[in-house]
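Report on the structure
Below, each chain spelled out in residue letters.
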Amino acid sequence: MWYAFNIIFNIVNKSALNAFPCPWFISTLQLAASGLFMGCLWITGLQPAPKLSRPFLLALMPVALFHTIGHVSACTAFGQMAVSFAHIVKSAEP
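An unreviewed UniProt entry annotates the protein as TPT domain-containing protein of Haematococcus lacustris. A UniProt comment under Subcellular location (unreviewed entry) is attached to the protein, and it reads "Membrane".

Here it is in structure tokens:
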């Protein structure tokens, strides 16, 4: 399912970038929408809110930073080249 959703996401993302070529804005909007979605799930109780501590947040910050950089980079790549080539580049990821 992850691969199927990833393919759909990439194609929809490329279509959006063809219509509105602002990869930084689109990637920021996507990350904000997913954060808002999770916030709604936590508030309604459909998903239990995680228990956070300062050491956990400090450990999570580099992961969050690199996830954000990777997401913005992928959106920028999809805006600059064909989705198929971007998949070739992504296949080199560890």
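**Digging into a nonpolar patch on the surface**
Together, Leu52, Phe56, Leu57, Leu60 and Val63 make up a nonpolar patch on the protein surface, roughly 440 Å² of accessible area in all. Turning to its location among the elements, Leu60 is positioned in helix H3 (residues 54–80).

**Looking at the packing of helix H2 (residues 23–44) against H3**
Viewed as axis vectors pointing N to C, H2 and H3 meet at an angle of 135°, and their least axial separation amounts to 9 Å. In terms of axis orientation, H2 runs oblique to H3. The handedness of the crossing between H2 and H3 is right-handed. Contacts between H2 and H3 pair Pro23, Trp24, Ser27, Gln30 and Leu31 from the former with His67, Thr68, His71, Val72, Cys75 and Thr76 from the latter. Of the residues that constitute the contact of H2 with H3, the class distribution is five nonpolar, six polar and no charged.

**Some details on the UniProt feature "transmembrane region" (unreviewed entry) in the protein**
According to UniProt, the "transmembrane region" (unreviewed entry) feature falls on residues 24–44 and 56–89. Secondary structure across residues 24–44 comprises 100% helix and 0% strand; the distance between its end C-alpha atoms is 30 Å.

**So, the side chain of His71**
Along the chain, His71 turns up in helix H3. For His71, a relative accessible area of 15% puts it in the buried group. Those residues in contact with His71, other than ones at most four positions away along the chain, are Phe9, Ser27, Gln30 and Leu31.

**Observations regarding the nonpolar core**
One broad rule of soluble globular proteins: the nonpolar side chains tend to lie buried together. Ranked by size, the top nonpolar core spans five residues in total: Leu17, Ile26, Phe78, Val83 and Ala86. Dropping the residues within four chain positions of it, Ala86 is found in contact with Phe78 and Met81.

**Section: the packing of helix H1 (residues 2–19) against H3**
Where H1 meets H3, the closest approach of the two axes is 9 Å, and the angle between their N-to-C directions is 65°. As H1 runs across H3, the sense of the crossing is right-handed. Taking contact as the criterion, the partners of Phe9, Asn10, Asn13, Lys14 and Leu17 in H1 are, on H3, His71, Cys75, Phe78 and Gly79. In the contact of H1 with H3, the residues fall into four nonpolar, four polar and one charged.

Conventions we followed
- Residues numbered from 1 in each chain as written.
- Predicted model: local features only at pLDDT ≥ 70, side-chain atom pairs only at ≥ 80, totals over all residues.
- Heavy atoms only, no water.
- UniProt positions renumbered as here; feature names shortened; annotations may be inferred.
- Patch = residues over 30% accessible without salt bridge, like charges linked within 9 Å, V, L, I, M, F, W, Y side chains within 5 Å.
- Areas by Shrake-Rupley, 256 points an atom, 1.4 Å probe, with all protein chains shown as cover.
- Salt bridge = Lys/Arg side-chain N within 4 Å of Asp/Glu carboxyl O.
- Helix = DSSP H or I, 4+ residues; strand = E, 2+ residues; numbered from the N terminus.
- Axes fitted to C-alpha atoms, helices over the stretch in contact; angles between N-to-C directions.
- Parallel < 35°, antiparallel > 145°, perpendicular 65-115°, else oblique.
- Left-handed = near helix turned anticlockwise from the far one by under 90°.
- Contact = heavy atoms within 4.5 Å.
- Nonpolar A, V, L, I, M, F, W, Y, C, P; charged D, E, K, R; others polar.
- Buried < 20%, exposed > 50% of the residue type's maximum accessible area, 1.4 Å probe, protein only.
- Core = buried A, V, L, I, M, F, W, Y, C linked by side-chain atoms within 4.5 Å.

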